[in-house]
Amino acid sequence: MSGFELSCPVPLPTEERILLAHGGGGRLMHELIERVFLAAFRDPALEARHDGAALEVDGVRLAFTTDSYVVRPLFFPGGTIGELAVNGTVNDLAMCGARPLYLSAGFILEEGLPLETLRRVIEAMRQAAQRAGVRLVTGDTKVVDQGHGDGIFINTAGIGLIESPLAIGPQRVAPGDAVLVSGDLGAHGVAILSVREGLEFESPILSDTAPLWEPVEALLRAGIEVHCLRDLTRGGLASALNEIAQARGLVISLEEAAIPVSEPVKGACEILGLDPLYVANEGRFVAFLPASQAERAIEILRSVPVSSGAARIGSVLEEAPGAVVLRSRVGGRRVVDMLSGEQLPRIC
Amino acid sequence: MRFVDEYRDEQAARRLAALIRRRVTRPWTIMEICGGQTHTILKSGLEELLPPALTLVHGPGCPVCVTPIELIDRAVAIAETPGVIFCSFGDMLRVPGSGRSLLEAKARGADVRIVYSPLDAVKLAHANPAREVVFFAVGFETTAPANAMAVWQAAQLGLKNFSLLVAHVLVPPAIEAILSSPNCRVRGFLAPGHVCTVAGYGDYERLAARYRVPIVVTGFEPVDILEGVLMVVTQLEEGRAEVENQYRRSVRREGNRQAQQIVQEVFEVSDRAWRGIGVIPMSGLVLREPYRRYDAAERFPATAAPREESPECIAGLVLQGLKKPPECSAFALRCTPETPLGAPMVSSEGACAAYYHYGRREAAS
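What you see is a predicted model, and the numbers here were worked out from it, not measured in a lab.

Novice: Could you clarify how one ought to interpret the packing of helix α1 (residues 10-23) of chain B against helix α11 (residues 222-238) of chain B in this entry?
Specialist: For any two helices packed against each other, one specifies the crossing angle of their axes together with the interaxial distance. All names here are of chain B. Orientation of α1 relative to α11, taken along the N-to-C sense of each, is 15°, at an axis distance of 9 Å. Relative to α11, the element α1 is oriented roughly parallel. Our pair here, α1 against α11, has a crossing hand that is left-handed. Facing A12, A13, L16, A17, L19, I20 and R23 of α1, the residues of α11 in contact are P222, V223, L226, E227, V229, L230, V233, T234 and E237. Residue composition of the contact of α1 with α11, by class: twelve nonpolar, one polar and three charged.

Novice: Looking at this model, I keep getting lost on the interface of chain B and chain A. Mind explaining?
Specialist: Note on interface size: it is often stated as the accessible area lost on association of the parts. Across the contact, 40 residues belong to chain B and 31 residues belong to chain A. Those elements that provide at least two residues to the side of chain B that touches chain A are α1, α2 (35-43), α3 (63-66), α5 (102-107), β5 (132-139) and α15 (351-358) of chain B. No other element matches the three residues that α1(B) contributes to the side of chain B that touches chain A. Across the side of chain B that touches chain A, the residue classes tally to 20 nonpolar, nine polar and eleven charged.

Novice: Even after reading the chapter, I still don't get the confidence of the model for chain B, so can you show me in this structure?
Specialist: Close inspection of predicted coordinates is inappropriate for parts of the model with low pLDDT. Chain-level statistics for chain B give a pLDDT mean of 92 and a share of 97% at 70 or above. In the predicted assembly, ipTM is 0.72 and pTM is 0.81.

Novice: Help me understand the domain arrangement of chain B, please; the structure alone is not making it clear to me.
Specialist: All names here are of chain B. Looking at chain B, the domain boundaries give domain 1 (5-61 + 171-245), domain 2 (65-170 + 255-299) and domain 3 (315-358). Here the C-alpha centroids of domain 1 and domain 3 sit 21 Å apart. The set of elements that each furnish at least two residues to the side of domain 1 that touches domain 3 consists of α2 and β2 (54-61). Counting residues per element, the side of domain 1 that touches domain 3 draws most heavily on α2, at six residues. Looking at side-chain class alone, the side of domain 1 that touches domain 3 contains six nonpolar, eight polar and one charged residues.

Novice: Would you mind showing me how to read unusual backbone geometry here?
Specialist: Most peptide bonds are trans, and most residues other than glycine sit at a negative phi. Cis geometry is adopted by the peptide bond preceding A:P73, which originates at A:R72 and carries an omega value of 0°. Mapped onto the elements, A:P73 comes out in the loop between β2 (60-69) and β3 (75-76). Look at B:M282: it is not a glycine, yet its phi comes out positive at around 50°. Here B:M282 is to be found in strand β11 (residues 278-287). Even without a glycine there, the phi angle at B:A332 is positive, about 65°. Relative to the helices and strands, B:A332 resides in the loop between α14 (315-319) and α15. With 16 C-beta atoms counted inside 10 Å, the residue B:A332 sits in the partly exposed group.

Novice: Before we go on, may I ask you to explain the sheet that holds strand β1 (residues 28-34) of chain B in this structure?
Specialist: For sheets, the rule is that strands pair by backbone hydrogen bonds, running either parallel or antiparallel. Residue and element names in this part refer to chain B. Spatial ordering of the open sheet is given by β2-β1-β7-β8-β9, a layout of five strands whose pairing is parallel. What marks the edges here is a single partner per strand, and that holds for β2 and β9 (243-245). Strand after strand, the sheet turns through a mean of 25° between neighbouring axes, direction not considered. Of the strand pairs in this sheet, strand β7 (residues 188-192) and strand β8 (residues 215-218) are connected by four bridges, and their pairing is parallel. Bridged to L190 within β8 is V216.

Criteria and thresholds
- Residues numbered from 1 in each chain as written.
- Chains lettered and ligands numbered in written order.
- Predicted model: local features only at pLDDT ≥ 70, side-chain atom pairs only at ≥ 80, totals over all residues.
- Axes fitted to C-alpha atoms, helices over the stretch in contact; angles between N-to-C directions.
- Helix = DSSP H or I, 4+ residues; strand = E, 2+ residues; numbered from the N terminus.
- Parallel < 35°, antiparallel > 145°, perpendicular 65-115°, else oblique.
- Left-handed = near helix turned anticlockwise from the far one by under 90°.
- Contact = placed C-beta atoms within 7 Å.
- Nonpolar A, V, L, I, M, F, W, Y, C, P; charged D, E, K, R; others polar.
- pLDDT = per-residue confidence, 0-100.
- Domains from an automatic or database assignment.
- Buried ≥ 20, exposed ≤ 12 C-beta atoms within 10 Å, placed from the backbone.
- Pairing = 2+ DSSP bridges.

So this is what it looks like as structure tokens:
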């Protein structure tokens, strides 16, 4: 795990194969990134391991990021793969403190896909781009044989402009920081699972997919000294916080009772045996900032619709080694570990 | 959320913990049977609230953990047979066999699917008449009724392409095996609430009387468990050994008669090997004669003898409550959820996984 030093790209042992969990946002994915990708492409911008790379070109600070979208089903309560492909990349830019400007989109389409399906996805992308204020300026299309894709895969890349002088990233997280989330957790993951598993709930749970630049911009405009931002996608809150805690050798302490989870999501997680701390979100982020500014930051976030459920959930403590701990609702304390493999539904 | 929030309430938990501290006058060892309870204890940090004289040890109530390695190997071999759709609950997928896990078989191209109900597997068989659909029927008394119902339904539908790989186990014989071990230090039990919801707790009365141990049927939320512990401790301190029911909102003495009937219709009791423990007499379920044609073990050829278990793994001792996971020399070093040596490190109900995820307390304290 940490401290693993390699000077050249070493292939995984031949018997090892890629498992779904290598894409799950947990420990296996981090090992894969360290042992294969980082080892091969050493670069300071890459090694910052933020949601996007912050680059300087002729005195202008840009953020650059890319992401691929392979969600199944293509249409789910509250959104489609189209919104995800726009919002996901927009949010990776926003997490660098960058105003999202331009997107590219690459489509891998499966032979036999109804054109109407593609049209619906494209319309969703158009509307999402409009809402997020980004322009889709270049693209690519490939078609693969039937059975070699899953309808539509989309890759988007994005460029954003970093206007604030702050260097936002895990390296700035400091003891005494307050930890804020922008809203209730787990809706996206549960919305997807409910369709995939054919589960129906009394009130449908809608994905939280949304662009997050607006609340970030509001914080920066108000002069909040934002230290780090992270969107809570695969692996959820627990994985995002573990990455930061381990990278910085700090302890992040959470109050279970303060972590917002809606009643329907709580209920669904109970039934499915999932922990909402590990469930994916597509319109939620965590912010680290000085505790003295926490109250004002929450007020600002709550004034923006997409982050109206913002709450303070914990603090950064001085002590090492890097870990996330949680005071449970009944008052005991425990570690919140990084996800091992995928969250799998339990037996009983 | 009703029926959940009030059982996670801090005030109620503190009040019960204070009562337990007041009542305990000497050291006692209590075992919670079910892995779900083990996880609540660690996830909520309950041990921190209890007096040091009280030791909680964790029992064999993790169906994934006690499923023999031979059956996992068998499952993988069946899943890798061309034309098979292999269905399982999620937790079984990562469990290491002597070669591959089901998840690794899936990565190599086997059609392994997670289902939430065995009835979904019946639907799959109905929709795919050209494929063999096999469901891995793992679990205690809790999952037996749904699995029995799946076989019964398949029979009603006249399906010829559906079968069960049965690995069903029963709780009372396991408790008896633990109590009759000369090394047993357990003085009281929290019995598994969900198992008793189905099976009732008549069987436990015989055990409580014969071995003079208090047994309290207990739920799964933090307040449930603290209340169950308080009830066991009270009995121990008063010298009583009875069966009591803490989980009254779900469990009746006779259990769920309808569920028991379908289980009896489809299954019969038989000896069964438990991973890490060995064969326990009359501790498992197998398909009865009229339903034996739905037995995947008969439908698919047997596989080669398995390799041995990792010699370093002390899962058997952990499952019997004789050791705690951190006492294992491989714990969190050579045995992690990514590279497990034994099943308790894998399952969401496994004691080793619970200690790994929640219990590495040096950072939490």
